[in-house]
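Take a look at the letters that make up each chain.
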Amino acid sequence: CNFKLLYMNKINGKRFWNYAKWDLTINKGFYRTMAIVTISLVFMVTIMGFFIRLTEWRSRKAMFAGGDYANSEWFLNETLGVEGTAFVLSYLCLIAMIIFAGCINHPLRNKQWRITTLTLPATNKEKFTWHVLLMSGGGFFLCLSSMVLADLFNALLSVVTFGAEGTNSLMFSLGDQLANLANYMSDFKESDGILLLELLVANVVVAYLFTLTTFSFGNALKYKYNILITVIALQVIQCVLSVVFFLFALGVGIEFIDSLDEQILKNFIYGFVIVMLVLQTVLIVLMWRKSYKLYCKAQVTSAWNK
């Protein structure tokens with residue numbers, strides 16, 4: 001009996017993949033819709049960006065008609081850059097990943113689906129792990145592949161319209177932007193500046209993971225309309241924290257900061273950034289742990305999920 005319990009608590013590859021195949025078959029309509037919407041939005045942004053560049057290129061070419069520089073490399077680089085499109089696409093994919101995180105528990109959205117899902121011959125750990133991997137890893141692959149396909153489509157349109165010399169890669173442009181950011185960070189010669197930037201970058205990364213976890217946790221609490229509810233809850237929390245921070249800065253905070261010398265102020269900033277980093281990391285771990293516990297109790301009907 002103990003051996004059987006131990007066996008069921010471990011992730012078994014055969015059970016895991018059998019459940020994965022069942023989920024992909026039964027919920028293929030849901031996954032197909034998410035894929036179509038994501039790819040469509042990526043291509044819409046790509047096409048809009050192309051036509052914006054085309055309009056600007058035609059406008060400037062008409063303005064500089066007769067000039068030798070109208071067809072020069074500088075003119076093409078000035079009018080046909082894809083940095084804006086690449087930035088919007090990356091931002092769109094970041095938002096899509098957040099939405100994917102809010103759909104981890106989509107098979108539990110109603111009573112019948114909960115009964116069907118929870119009675120399948122697989123452990124809760126296997127089911128929960130599959131949905132987390134699918135929505136996070138699968139969602140990332142969907143966004144990445146969508147951008148690659150959009151990049152190829154943009155290259156085809158650009159070659160036909162502007163020629164090879166006027167064609168720029170969306171993915172390479174995004175890589176150049178990240179490289180420029182890295183070079184900007186390396187320009188800080190003082191170790192304090194580098195440390196602070198590294199801490200801030202780490203905070204940005206952890207803050208995004210915290211956002212993903214928050215939407216996943218919201219889905220663990222509420223199976224329907226959870227994304228909208230999570231957005232409203234985050235806005236309310238942000239508003240309250242902003243008011244508290246403003247009152248603190250307006251009162252004790254400003255006088256306290258003015259009384260500090262430069263080195264103590266730096267240490268205070270470092271400490272604040274580190275505390276925020278640790279606090280978010282701890283909350284991420286706690287929310288994922290609680291999400292799994294709530295998944296294991298999904299068979300119990302609650303007022304939130306009737």
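Structure: see above.
Overview of the structure. Per chain, the residues get numbers from 1 upward, laid out in the order the sequence is written. Residues qualify for local features only when their pLDDT is at least 70, as the model is predicted, and side-chain atom pairs are given and counted only at 80 or more; totals for whole chains, interfaces and linings, by contrast, use all residues. Derived side-chain values reflect all non-hydrogen atoms in the structure, with water molecules and hydrogen atoms excluded from consideration.

This paragraph deals with the overall build of the protein. Counting from the N terminus, the helices are DSSP H or I runs at least four residues long and the strands are E runs at least two residues long. Counting its secondary structure elements, the protein contains 11 helices and 0 strands. Reading the helices (α) and strands (β) of the protein from amino to carboxyl end gives α-α-α-α-α-α-α-α-α-α-α. Burial status follows relative accessibility: with a 1.4 Å probe on protein chains alone, a residue under 20% of its type maximum counts as buried, one over 50% as exposed, and anything between as partly exposed. Across the 306 residues that make up the protein, the buried fraction comes to 32%. Every residue pair with non-hydrogen atoms within 4.5 Å of one another is taken to be in contact. Pairs at least 24 residues apart make up 79% of the contacts formed inside the protein by residues separated by at least 6 positions. As presented, the protein carries roughly 19000 Å² of accessible surface, and 72% of it is formed by carbon and sulfur atoms. Accessibility throughout is a Shrake-Rupley quantity obtained with a 1.4 Å probe, and a residue counts as covered only by protein chains that appear here.

Right, let's get into the state of the cysteines. By convention in this document, the label disulfide applies to cysteine sulfur atom pairs within 2.5 Å. One pass over the full model with this rule turns up 0 disulfides. In this structure Cys93 is not part of a disulfide, and its nearest cysteine sulfur, from Cys143, lies 4.1 Å away. Given a relative accessible area of 4%, Cys143 falls into the buried group.

Take unusual backbone geometry next. Backbone geometry places Tyr225, a non-glycine residue, at a positive phi of 55°. Mapped onto the fold, Tyr225 is located in the loop between helix H9 (191-221) and helix H10 (226-258).

A separate point is the pattern of salt bridges. Any carboxyl oxygen of Asp or Glu within 4 Å of a side-chain nitrogen of Lys or Arg constitutes a salt bridge here. Under the counting rule described, the total for this entry stands at 1 salt bridge. Across the pair Arg15 and Glu126 runs a salt bridge whose closest N-O atoms are separated by 2.7 Å. Of the two residues, Arg15 is situated in helix H2 (residues 13-26) and Glu126 in helix H7 (residues 124-162); the sequence distance between them amounts to 111 residues. Among the residues examined, Glu126 registers a relative accessible area of 0% and is labelled buried.

All right, on to a nonpolar patch on the surface then. To count toward a patch, a residue needs a relative accessible area above 30% and no salt bridge. Like charges then connect within 9 Å, nonpolar side chains (Val, Leu, Ile, Met, Phe, Trp, Tyr) within 5 Å. Residues Phe272, Ile274, Met276, Val278, Leu279, Val282, Leu283 and Leu286 make up a contiguous nonpolar surface patch of roughly 660 Å² in combined accessible area. Within the element layout of this structure, Leu286 appears in helix H11 (residues 262-296). According to the relative accessible area criterion, Leu286 is partly exposed, its value standing at 48%.

Think of a pair of aromatic rings as described by two things: how far the centres are apart, and how the planes are tilted against each other in angle. We call Phe, Tyr and Trp rings a pair once their centres come within 6.5 Å, taking the six-membered ring for Trp, and we label the pair stacked below 30 degrees between planes, edge-to-face above 60, and tilted otherwise. For the structure shown, the criterion picks out 12 aromatic pairs. A ring pair is formed by Phe43 and Phe153, whose centres lie 5.5 Å apart and whose planes are at 45°; its orientation type is tilted. Taken as a pair, Phe43 in helix H3 (residues 28-63) and Phe153 in helix H7 lie far apart in primary sequence, 110 residues in all. Every member of this aromatic cluster is reached through a ring pair, and the members are Phe50, Phe51, Trp57 and Phe162. Throughout this description, the term charge over a ring refers to an Arg CZ or Lys NZ atom that lies within 6 Å of the ring centre and within 35 degrees of the ring normal. The lysine or arginine in question, Arg109, covers the ring of Trp113, its NZ or CZ lying 5.0 Å from the ring centre.

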